[in-house]
Structures are given as C-alpha cells and as structure tokens.
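# Remarks on the overall topology
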Amino acid sequence: RASETEIFSVDFTSIIPSGVSITSAVWANSVLLGEDDNAAAMIQGAAIINQSVVSTLITGGTPETFYKPICTAQLSNGQTVVLPEPGRGELRITA
C-alpha cells in the first residue's frame, strides 16, 4: 500500500564466493508499469547489510504501479553483483 513502509531484502548467499563479503551496497528503484516520476524517493535511508542479506526500507509509491527495486553490492574481491535477477522482485503498490 502507498501508505505503508516495508522492509525489502535480497540474499546474495548463492552468488557470493566463499570467503568473500559485501563491503557496500546501494538500492535503486524504477517503474516497470505505470507512472511515477519520483520512484527513487521510495528508497528510505542507506542499505542495511547483515552478512549476505541487504535490506532497505521502501515507502510510498503510486497506486496500481509496478516497481523494480534493485540492490547493487560491492564485494571484498572487487566484484559487483546485482539482485534481484530480471523478472523477480517486482513490487506492486495498491491503494
């Protein structure tokens, strides 16, 4: 719902090599279906890293709009990884 704030998380466990950790992460948000010129403002605050899980707070949005929040993480081995994968992790806002 547009009036709620929710925790949105992704788990990088399956794509992080053994012995490698997440050193930083950032969330972004875009519109998949519908219109919202302020989709990026739905991301509230910095990414929260807890071992291989990265979370953020998402709030607001336009009713009947589909969004695609994504997390880009930097790893201790220099690699950059992004989740969720294409076609997953869609967020629909209802009235």
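In what follows, the accompanying structure is described. The structure displayed is predicted, hence computed values, not measured ones. (Residues numbered from 1 in each chain as written. Predicted model: local features only at pLDDT ≥ 70, side-chain atom pairs only at ≥ 80, totals over all residues. Heavy atoms only, no water.)

## Points about the pattern of salt bridges
Two side chains bearing opposite charge may form a pair once their charged atoms approach each other closely. Rules: A pair is scored as a salt bridge if a Lys or Arg side-chain nitrogen falls within 4 Å of a carboxyl oxygen belonging to Asp or Glu. Starting at the N terminus, helices and strands are each numbered in turn, a helix being any DSSP run of H or I of at least four residues and a strand any DSSP run of E of at least two. Only protein chains enter the accessibility calculation, which uses a 1.4 Å probe. A residue is then buried if its area is under 20% of the maximum for its type, exposed if over 50%, and partly exposed in between.
A complete count under the given rule lists one salt bridge for this structure. The closest approach of N and O atoms between arginine 92 and glutamate 64, which form a salt bridge, is 2.5 Å. Of this pair, arginine 92 sits in strand β7 (residues 91-93) while glutamate 64 sits in the loop between β4 (53-59) and β5 (65-75); the two residues are 28 residues apart in sequence, bridging distant segments of the chain. With a relative accessible area of 43%, arginine 92 lands in the partly exposed category. Assessed through its relative accessible area of 46%, glutamate 64 is described here as partly exposed.

## Some details on the nonpolar core
To keep it simple, the criterion reads: Think of a nonpolar core as a cluster: buried Ala, Val, Leu, Ile, Met, Phe, Trp, Tyr and Cys residues, connected wherever their side-chain atoms sit within 4.5 Å. Residue contacts are defined here by distance: any two heavy atoms, one from each residue, within 4.5 Å place the two residues in contact.
The biggest cluster of nonpolar side chains holds 20 residues, and the ones touching the most others in it are Val10, Phe12, Ile22, Trp27 and Val54. Take this core: its biggest share by element is four residues, from β5. Residue contacts for isoleucine 22: discarding those within four places in its chain leaves Phe12, Ile16, Ile49, Gln51, Ser52, Val54, Ala73, Gln74 and Leu75.

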